[in-house]
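# Report on the structure
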Amino acid sequence: MSTGSGAHSAPAPNSHEDTVSDDATATTPGTAPGVAAGPAATPRKGTFSSLRIRNYRLFATGQMVSNTGTWMQRIAQDWLVLSLTGSSTAVGITTALQFLPMLLFGLYGGVIADRFAKRKLLLFTQSAMGLTGLALAALTLSGQVQVWHVYLVAFVLGLVTVLDNPSRQAFVSEMVGQDELRNAVSLNSANFQSARLIGPAVAGVLITAFGSGWAFLLNGLSFIAPLTGLLMMRTAELHKVDRVPRSKGQLREGLRYVSGRPDLLWPIVLVGFIGTFGFNFPIWLTAFVHHVYHQGAGTYSLFNGLMAAGSLIGALLAARRASSRLRLLVGAAMLFGVLEIAAALAPSFWVFAALLVLIGTVGLTINVTANSSVQMATDPLMRGRVMSLFMMVFVGGTPLGAPLVGWITDSFGPRIGFMAGGAVSLAAAVLIGLILARVGGLRLKIDLRRGHQHLVFVPRGPAPDPSAEQGPEKEQGQEKEQGQEKGQEQKMAPAA
């Protein structure tokens, strides 16, 4: 498998396991990747099929514990900043600082992930992330915490995430292999969202009863679980992936690879827009709780729990799905924008709460569909760099979007801020959907007749003439009849 200058072309599979036959990766003449190409029949697997693999069970168990702690820290961190400053902009700055390293150095994290053993990298990153939680706990419990301390810890955590994210994403395929990759990606999301149900609830109780410091402490200790799981793995059972030797131009090589693949480029661009402008929930939810509904940390935890419940539903549905279609990604992104606009205009508390469940479901569908489509379409030797680019634009755009969204929320109110994020997400989905259709030689057909599909993509060019179709068919039928008559004559000849 080439990793040289020609590696930006379609990946050549290592083996039969690396061959992917669905519309997320395959293209046919005149069709956009994942838009019109029909997938080969893919056998449906169980929702939890990848958990049969011991190494992945250890990984998933450890991640469940640490993800719960991570969500506790997220809630406590956002609420601590809001308590110290009373500003949605400050919450946005904290979020931006946590994701700024991904924007600045994300691609380099992917290069490192492709060069070194993923398991060893994860042992380092998970240890470092636990230490950041313990440091913030010490500052908060001692009563010395200031907002700049939170900013600094968020930035350091972001630096570690630059290496952790691509390593963790690429390590999944080493644990489960290509056949179970899509299921494992979906279960990772289900794992994360299950923790999101528990973490905010526990954080709300701890913050109300004892303060934010205890949530930070428990998060720091929670990283013992994934470290134990990584150490207990049987390395002989991991799927061997060749490491990329150190050489010049590997970063540019990864960018060329993605730029030459529309089925990778446009999903990454779409999640970049949605991640930058549509996923600023810490800003919007704290603002709605504080300024619209005049509630406390318990309500903030409730809102996060409702979104987590919807996300868990979306993850479990994704785990049962046999393929990852780009048309599903574009459609989910459009619906996501519409739901955010509807939530911004929600007339009551409970309507807003119900819409958060739907937003969670659709948002998770976007994440899993894009993630699995990109991973399945990528050459294994390029996977670290491609996934680092994916994560860079998905979460690395937050430093650009979060302060802007926070300023809009502070200046014009939470409803306008939330509506703006939804509007950008909707516009990006529509535009990229049209681009994918154009790349595939399709056009949007509008049919307002009753009983017909109103919006559908059809091949470009004039519609086929029915009379012209009947001509060749009729000629073929006549030729067939003549052939049958000739055959009967030949059979009768010996008898004569």
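Residues numbered from 1 in each chain as written. Predicted model: local features only at pLDDT ≥ 70, side-chain atom pairs only at ≥ 80, totals over all residues. Heavy atoms only, no water.

Time to look at the environment of Asn-304. Structurally, Asn-304 can be placed in helix H11 (residues 297-320). Of the residues examined, Asn-304 reaches a relative accessible area of 5% and is grouped as buried. Sequence separation between Asn-304 and Val-357 is 53 residues; the distance between their C-alpha atoms is 9.4 Å. Excluding anything up to four places from it in sequence, Asn-304 contacts Trp-71, Ile-75, Arg-196, Pro-200 and Leu-285. (Helix = DSSP H or I, 4+ residues; strand = E, 2+ residues; numbered from the N terminus. Buried < 20%, exposed > 50% of the residue type's maximum accessible area, 1.4 Å probe, protein only. Contact = heavy atoms within 4.5 Å.)

Let us look at the side chain of Ser-173. One can find Ser-173 in helix H4 (residues 147-176). On the basis of relative accessibility, which here comes to 7%, the residue Ser-173 falls in the buried class. For Ser-173, the side chain forms a polar contact with the main-chain oxygen of Ala-170, separated by 2.9 Å. The residues contacting Ser-173, other than those within four sequence positions of it, are Leu-181, His-239 and Arg-383. (Polar contact = N/O pair within 3.5 Å; in protein donor to acceptor, adjacent residues only side chain to side chain.)

Right, let's talk about the environment of Gly-272 for a bit. As for its position among the elements, Gly-272 is in helix H9 (residues 262-278). Counting along the chain gives 123 residues from Gly-272 to Val-395, while the straight-line C-alpha distance between them is 7.6 Å. What Gly-272 contacts, discounting residues up to four positions off in sequence, is Val-393 and Phe-394.

Its place among the elements puts Ser-167 in helix H4. The class for Ser-167 is buried, based on a relative accessible area of 0%. Sequence-wise, Ser-167 and Gly-110 are 57 residues apart; in three dimensions their C-alpha atoms are separated by 7.5 Å. Apart from the residues lying within four places of it in its own chain, the contact partners of Ser-167 are Ala-113, Lys-118, Leu-121 and Leu-122. Polar contacts involving the side chain of Ser-167 include one to the main-chain carbonyl oxygen of Leu-163, which spans 2.7 Å.

With that settled, the discussion passes to the pattern of salt bridges. Tallied over the entire structure, the rule returns three salt bridges. Where Arg-168 meets Asp-164, a salt bridge forms, and the shortest distance between an N and an O atom there is 3.0 Å. One end of the pair, Arg-168, and the other, Asp-164, are both in helix H4, four residues apart, so they sit about a helical turn from each other. When its relative accessible area of 1% is taken as the criterion, Asp-164 is described as buried. For the salt bridge of Arg-234 with Glu-237, the shortest nitrogen-to-oxygen distance reads 3.2 Å. Exposure remark for Arg-234: the relative accessible area of 43% places this residue in the partly exposed category. (Salt bridge = Lys/Arg side-chain N within 4 Å of Asp/Glu carboxyl O.)

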